[in-house]
Amino acid sequence: MNTDELEHAVLVAQRRVLEIQTKLHRWATDDPDRRFDDLFNLVADPGFLLVAWDRVRSNKGARTAGVDGQTARYVEAVQGVEVFLDQLRAEVKDRSFRPLPVRERMIPKPGTKKRRRLGIPALRDRVVQAALKLVLEPIFEADFLPCSYGFRPKRRTHDAVAEVHHFASRSYEWIVEGDIKSCFDEIPHSALMDRVRRRIGDKRVLALVKAFLKAGIFTEDGTLQETGMGTPQGGILSPVIANVALSVLDEHFAESRLNSDERAKRRYRGLAVYRLARYADDWVLAVSGTRAQAEALCAQAAEVLSTMGLRLSPEKTLITHIDEGLDFLGWRIQRHRKRGTDKHYVYVYPAKKALHAVMAKIKALCWQDTNLPLEALLHRLNSMLRGWTTYFRNGCSSTTFAYVRAYLWRRVFGWLRRKHPKTTWKELRRRYTCDGWWPADGEVILFNPAGVSTRRYYYRGTKIPQPWPIGA
């Protein structure tokens, strides 16, 4: 099958998969108690596997091999996509498919000296996981509540931050910052599968999900480790499975979705009103009440998570007032007095940890080999800075961007001074700036963070659209 034929087949398959997903989502929404049977044929369907392959192939991780050493490029060049998918479908169909152990990769945790485990499944396993996700996601999305944002379609970190900002600006002054200890590594399989069985009745699909959970880990030191609990980060199916487990927290605090009259009655009785915002295993509970009530709600959260075998980290789980501020998903959310007035507002801006992280990246890039041309350095800095500023432009980030700009200028010219130690300052500016000041090499100009416009990201709440419209 040539490239044009493959692209056309993918487009046809995508339309068909979207139609089936829409039906699954509608059926799950119409009947919250329905258990779905006969889903296994969809997982083994050629169209679903082709769409799954396309998503795996377009992912950056397609260049990284699992324990079998195969990458997407290898399959395309040596085996052929059509042959690969036919063999994979035959194995899944006759139930001879067995997931391979994931390859362990220990990566540093941001801001700490600790490392966390990243599991890299084999390419064939990734395709089957992606097909499973195509089938399971529209079903479980019907049950997930609006307060959950992590790894869900049409949702992003900015929505979670905007929800915290929205309610912190409306008398929800006490904040419970929850940190689940080793969430992805400690989810018990039995409790997790019990929640999956509430919706999925097809034993073949359940067996396939359990097989991925029990696949094992091929560690960095070359030993095979069994997985009695947890779901390794890095798998395509892991985020959906983790959301299924952590939705117990959403369901417990669902009573916070009260109308204005019910909230007023609770406040009149001296009871707390609260709202939960969760992004995967990072969650925040905004409380309108007292600190004691916030502490009681934190204890409730710990008790609810214990039913899934999860624990809160005592060191990282904090209860703070909005005037003290909190860090959430790279942002700092804090109430300040507006300059020149007596009014106080809740502001959202990049956290110090995020600022220090980007400064460390700039420093690391500017300490690289000075034998490289300036153009190579500028390309690397520009790519990194565009992504960073795009994420943080939806907040009060102008001051931070200006600070990064000044730091960036000093680092780049420090690199140039080391590259040309005998060149005068005047000559460096003449050769390596576009206006006598800002670094450039020919047509490649250093990206200016301070030139990025900022704007507020508004809370969307229940207005976030579903990828599978109910009326379709």
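An account of the accompanying structure is given in this report. (Residues numbered from 1 in each chain as written. Predicted model: local features only at pLDDT ≥ 70, side-chain atom pairs only at ≥ 80, totals over all residues. Heavy atoms only, no water.)

**Here's the deal with the overall build of the protein chain**
When helices and strands are counted, the protein chain shows 17 helices and 13 strands. For 472 residues, the compact-globule estimate of 2.2 N^0.38 gives 23 Å, and the protein chain sits close to it at 25 Å. Seen through its C-alpha atoms, the protein chain measures out along the principal axes to roughly 75 × 70 × 45 Å. For the protein chain, buried positions account for 49% of its 472 residues. In the protein chain, once contacts between residues fewer than 6 apart in sequence are set aside, the share between residues at least 24 apart is 71%. Counting only carbon and sulfur atoms, one obtains 51% of the accessible surface of the protein chain, whose full area is about 23,800 Å². In the protein chain, which carries 79 positive and 54 negative side-chain charges, the distance between the mean positions of the two groups comes to 7 Å. (Helix = DSSP H or I, 4+ residues; strand = E, 2+ residues; numbered from the N terminus. Rg over C-alpha atoms; globule rule 2.2 N^0.38 Å. Buried < 20%, exposed > 50% of the residue type's maximum accessible area, 1.4 Å probe, protein only. Contact = heavy atoms within 4.5 Å. Areas by Shrake-Rupley, 256 points an atom, 1.4 Å probe, with all protein chains shown as cover. Lys, Arg positive; Asp, Glu negative; His and termini not counted. Charge placed at Lys NZ, Arg CZ, Asp CG, Glu CD.)

**What to know about helix α1 (residues 3-30)**
Over its 28 residues, α1 runs 40 Å from end to end, which matches the ideal 40 Å to within 8%, given 1.5 Å per residue. The set of residues buried in α1 consists of L6, V10, A13, V17, I20, Q21, T22, L24, H25 and A28. Those residues of α1 that are buried are in contact with α2 (40-43), α3 (46-58), α5 (81-93) and α6 (123-141). (Expected span 1.5 Å × (residues − 1).)

**Some points on the sheet that holds strand β10 (residues 331-337)**
Pairing in this open sheet of three strands is antiparallel, and the strands run β9-β10-β11 from one edge to the other. Strands with a single pairing partner mark the edges of an open sheet, and in this sheet they are β9 (326-328) and β11 (344-350). Averaged over all pairs of adjacent strands, the angle between strand axes in this sheet comes to 30°, irrespective of strand direction. (Pairing = 2+ DSSP bridges. Axes fitted to C-alpha atoms, helices over the stretch in contact; angles between N-to-C directions.)

**Quick notes on the pattern of salt bridges**
Evaluation of the coordinates by the stated rule reveals 18 salt bridges. Of the charged contacts, one joins R124 and D125 as a salt bridge, the two residues approaching to 3.4 Å between their closest N and O atoms. Three or more residues joined by partner-sharing salt bridges are found here, namely D38, D202 and R204. (Salt bridge = Lys/Arg side-chain N within 4 Å of Asp/Glu carboxyl O.)

**Some thoughts on the sheet that holds strand β1 (residues 102-108)**
Taken together, four strands build an open sheet; the order of strands is β2-β1-β4-β5 and the sheet is mixed. The two strands at the open ends of the sheet, each matched to only one other strand, are β2 (115-120) and β5 (224-225). In terms of strand pairing, β1 meets β2 through six bridges, oriented antiparallel. Paired with R103 across the two strands is I120, which belongs to β2.

**A look at helix α13 (residues 291-306)**
Helix length check: α13 (16 residues) gives 23 Å between terminal C-alpha atoms against 22 Å at 1.5 Å per residue, within 8%. Turning to α13, its buried residues are Q293, A294, L297, C298, A301, V304 and L305. All buried residues of α13 lie within an arc of 145° about the axis, which places them on one face of the element. Every exposed residue of α13 that faces more than 90 degrees away from the buried side is listed here: A292 and E303. (Arc of directions from axis to C-beta.)

**What to know about the side chain of D202**
With respect to the element layout, D202 can be found in the loop between α9 (189-197) and α10 (203-213). Its relative accessible area of 5% is what places D202 among the buried residues. For D202, the side chain forms a polar contact with the main-chain nitrogen of D38, separated by 3.2 Å. Once residues lying within four places of it in the same chain are set aside, the contact partners of D202 are F36, D37, D38, L39 and F40. (Polar contact = N/O pair within 3.5 Å; in protein donor to acceptor, adjacent residues only side chain to side chain.)

**Section: the packing of aromatic side chains**
In this structure the tally under the stated criterion is 16 aromatic pairs. An angle of 45° between the planes, with centres 5.9 Å apart, marks the rings of F151 and Y279 as tilted. Of this pair, F151 sits in the loop between α6 and α7 (157-168) while Y279 sits in strand β6 (residues 273-279), and the two are 128 residues apart along the sequence. Given a relative accessible area of 17%, Y279 falls into the buried group. Judged by centre distance (4.9 Å) and plane angle (50°), the rings of W388 and F392 are tilted. Separated by four residues within a single helix, W388 and F392 lie in helix α15 (residues 374-392), roughly one turn from each other. Ring pairs connect the aromatic residues W331, W388, Y391, F392 and F401, which therefore count as one cluster. Positioned above the aromatic ring of F36 is the side chain of R34, whose terminal nitrogen or guanidinium carbon lies 4.8 Å from the ring centre. Between R418 and the ring centre of W367, over which it is positioned, the NZ or CZ distance is 4.2 Å. (Phe/Tyr/Trp six-rings, centres within 6.5 Å; stacked < 30°, edge-to-face > 60°. Lys NZ or Arg CZ within 6 Å of the ring centre and 35° of its normal.)

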